[in-house]
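# Architecture and fold: a report
Spelled out, the chains give:
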Amino acid sequence: TPMLDVNFSKGGFLLGNYRDMPNLPESMARYFDKPIPTYYNAPLATLIVAPPGAGKSAAVAIPNLLSLPTSCVVLDIKGELCDLTAGYRQQTFKNEVYIFNPLGKDNNLKFNPFDKRIVSKLDFNAKRRLVDEIANTIFVKGKNEDEHWITQGKNLFTFYALYDLCTKNESSFFDIANAPIQDFVKRIPTTSPY
């Protein structure tokens, strides 16, 4: 059972402190007279659910980020965990810290789903599925929005993204956003009657 990986001394992922252990035999009770750290040494994933202000960051996230030298993937919407622990992790554990915050100035991790290394291996149908998945993520109808404009924006995005993927085997959101203002006349062969 997973409880076999819970321990009081080996270290690992800090779950919290045991404070009160009722119904313990006298011989064991002396070990539990004060709070003792409780660890889980084989976490595959950890989910902590509690209301705001319950101490998730202060009692669990920060102590673990300051003690676990292993790689960590942290969902940190406010950025406070990064502010408090990133420098320590870089200096002490020699970790590389990557921040994915597309709208922030501290973003140092970029991902382009239309990168040549990804797209060049795909056939047309796979390229179309990739473009459709990205378009479905970006173009979502919200409350009080006219579905016509969402659909037409999605169609335009799909056309330009697929055009780039089929002609250049790569694209970017910048290229797609600027595609409507490009001069495509330059791409027409001079021998063409059109």
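Just so it is clear, the structure is predicted and the values come from calculations on it, not from any experiment. Along every chain, residues carry numbers that run from 1 in the direction the sequence is written. It should be noted that, the model being predicted, local features are given only for residues of pLDDT at least 70 and side-chain atom pairs only at 80 or more, the latter also being counted only at that level, while totals for whole chains, interfaces and linings use all residues. Side-chain numbers here rest on the full set of heavy atoms in the structure, without hydrogens or water.

## What to know about the environment of Lys168
- Structurally, the position occupied by Lys168 is in the loop between helix H6 (147-167) and helix H7 (173-178).
- With 48 residues separating them along the chain, Lys168 and Ser120 place their C-alpha atoms 9.0 Å apart.
- Not counting residues up to four positions away in its chain, the partners in contact with Lys168 are Lys116 and Asp175. Helix and strand assignments come from DSSP, with helices taken as H or I runs of at least 4 residues and strands as E runs of at least 2, each series counted from the N terminus. Residue contacts follow a heavy-atom distance rule, with two residues in contact if any of their heavy atoms lie within 4.5 Å.

## Re the packing of helix H2 (residues 56-67) against helix H3 (residues 80-92)
- Interhelical geometry of H2 versus H3 gives an angle of 25° and a closest axis separation of 9 Å. Taken together, the axes of H2 and H3 lie roughly parallel to each other. Seen from above, H2 lies across H3 with right-handed handedness. Only Glu80, Leu81, Leu84, Thr85, Tyr88 and Arg89 of H3 make contact with H2, whose side of the interface consists of Ser57, Ala61, Ile62, Asn64, Leu65 and Leu66.
- Each residue gets one label: Ala, Val, Leu, Ile, Met, Phe, Trp, Tyr, Cys and Pro are nonpolar, Asp, Glu, Lys and Arg are charged, and the others, such as Gly, are polar. Per-class residue counts for the contact of H2 with H3 are seven nonpolar, three polar and two charged. Think of each axis as a best-fit line through the C-alpha atoms, taken over the contacting stretch in the case of a helix, with angles from 0 to 180 degrees between the N-to-C directions. In this scheme, roughly parallel covers angles under 35 degrees and roughly antiparallel covers those over 145, while 65 to 115 is roughly perpendicular and the rest are oblique. Take the far helix as your reference; a near helix turned counterclockwise from it by less than a right angle gives a left-handed crossing, and one turned clockwise gives a right-handed crossing.

## Observations regarding the pattern of salt bridges
- We define a salt bridge as a side-chain nitrogen of Lys or Arg found within 4 Å of a carboxyl oxygen belonging to Asp or Glu. Under the criterion given, the structure shown has four salt bridges.
- The salt bridge involving Asp115 is made with Arg117; its shortest N-O contact spans 2.9 Å.
- Buried, partly exposed and exposed residues are distinguished by accessible area as a fraction of the type maximum, computed with a 1.4 Å probe on protein chains only: under 20%, between the cut-offs, and over 50%, respectively. By relative accessible area, Arg117 is classed as exposed at 64%.
- When the shortest N-O distance is used, the salt bridge between Asp175 and Lys168 registers 3.8 Å.

## Looking at the confidence of the model for the chain
- Here the chain shows a mean pLDDT of 86. Residues at 70 or above account for 89%.
- Averaged pLDDT values over the elements of the chain bottom out at 65 in helix H1 (residues 26-29) and peak at 96 in helix H5 (residues 124-138). Here pLDDT means the predictor's own confidence in every residue, given as a number from 0 to 100.

## Description of H3
- The span you would expect from a helix comes to 1.5 Å times its residue count less one. Taking 1.5 Å of rise per residue, the 13 residues of H3 would be expected to cover 18 Å, and the 19 Å separating its terminal C-alpha atoms lies within 8% of that figure.
- Of all bends in H3, the biggest is about 35°, found at Ala86.
- Those residues of H3 lying buried are Leu81, Thr85, Ala86 and Arg89.
- Elements that come into contact with the buried residues of H3 comprise H2.
- Downstream of H3 by one or two residues, Lys94 has phi in the positive range, about 60°. A residue's bend is given by the angle between axes fitted to the 7 residues ending at it and the 7 residues starting at it.

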